[in-house]
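The chain contents come next:
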Amino acid sequence: MTTRPTLRRLGAGLFTGAAATLTLTLSPVTASAAEPTPAATSAPAPTPAAQAAVDDARAQVGKAYAYGGNGPDAYDCSGLTAHAYRAAGIELPRRSADQATVGTPVARADLQPGDLVFYYEPISHVAIYVGDNQVVHAGTEATGVTYESVDMSGYNTARRIA
């Protein structure tokens, strides 16, 4: 099977005048590369519930951050993880510190997609591991919901929910 390259419109052309005269006017267009989707090739989550949570979290990337946000348009960190697991049929506590008491502890080296990763001491931030050393989290008003390295500053612990 042959794949065809994606074509992008880089300008608009305009033909004017008689058939013998050709004027081509090009309008500049700013080209932007599509942001790669991290962890697109990672292994699937170990359970259907964890995979549903990962899929839901990924679907929120690009949405806004709002303190206390539970979605669907804006989230804070624990609102995002609660929303993701609710999509999988699992209710989590609302606060990140309370979410850190659910499930079973997981060593950093044993993370699997769907695990919740907690940051700071005391715990005050949570993200969902999506594979390939990446998490999805609701960071700040400036960043919104994004992919980030699991090793961002303040890593504390992780828990397996499903």
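Worth saying up front: this structure is predicted, and the values here are computed from it rather than measured.

(A) Geometry of helix H2 (residues 77–87). Of all 11 residues that make up H2, nine are buried, and the element is covered over most of its length. Those residues of H2 not exposed but buried are Cys77, Ser78, Gly79, Leu80, Thr81, Ala82, His83, Ala84 and Tyr85. One or two residues past the end of H2 sits glycine 89, with phi positive at roughly 85°.

(B) Structural view of the sheet that holds strand S4 (residues 116–119). Spatially, S3-S8-S4-S5-S6-S7 is the arrangement adopted by the six strands of the open sheet, whose pairing is antiparallel. The open sheet terminates on both sides in strands that have one partner only, identified here as strand S3 (104–105) and strand S7 (145–149). As paired elements, strand S5 (residues 125–131) and strand S6 (residues 134–138) share three bridges and run antiparallel to each other. Its bridge partner being in S6, glycine 131 is matched across the sheet by glutamine 134. Across the sheet, helix H1 (residues 48–59) is in contact with S5, S6 and S7; its angle to S5 comes to roughly 110°. Sheet strands in contact with H2 are S4, S5, S6 and S7, and its direction is about 45° off that of S5.

(C) Inspection of unusual backbone geometry at higher detail. Between glycine 71 and the following residue, proline 72, the backbone shows a cis peptide bond with an omega angle of 5°. As for its placement among the helices and strands, proline 72 is situated in the loop between strand S1 (64–65) and strand S2 (74–75). With an omega dihedral of 0°, the bond running from glutamate 121 to proline 122 counts as a cis peptide bond.

(D) Just the pattern of salt bridges, in detail. Following the criterion strictly, the structure yields five salt bridges and no others. Two residues, aspartate 76 and arginine 94, come together in a salt bridge whose shortest N-O distance is 2.9 Å. In this pair, aspartate 76 is assigned in the loop between S2 and H2 and arginine 94 in the loop between H2 and helix H3 (96–99), connecting sequence segments 18 residues apart. Residue arginine 160 pairs with aspartate 115 through a salt bridge whose shortest N-O separation is 2.8 Å. You can see arginine 160 sitting in strand S8 (residues 155–160) and its partner aspartate 115 sitting in the loop between S3 and S4, a full 45 residues away along the chain. With a relative accessible area of 1%, aspartate 115 lands in the buried category.

Each value, and the rule that gives it
- Residues numbered from 1 in each chain as written.
- Predicted model: local features only at pLDDT ≥ 70, side-chain atom pairs only at ≥ 80, totals over all residues.
- Heavy atoms only, no water.
- Buried < 20%, exposed > 50% of the residue type's maximum accessible area, 1.4 Å probe, protein only.
- Helix = DSSP H or I, 4+ residues; strand = E, 2+ residues; numbered from the N terminus.
- Pairing = 2+ DSSP bridges.
- Contact = heavy atoms within 4.5 Å.
- Axes fitted to C-alpha atoms, helices over the stretch in contact; angles between N-to-C directions.
- Salt bridge = Lys/Arg side-chain N within 4 Å of Asp/Glu carboxyl O.

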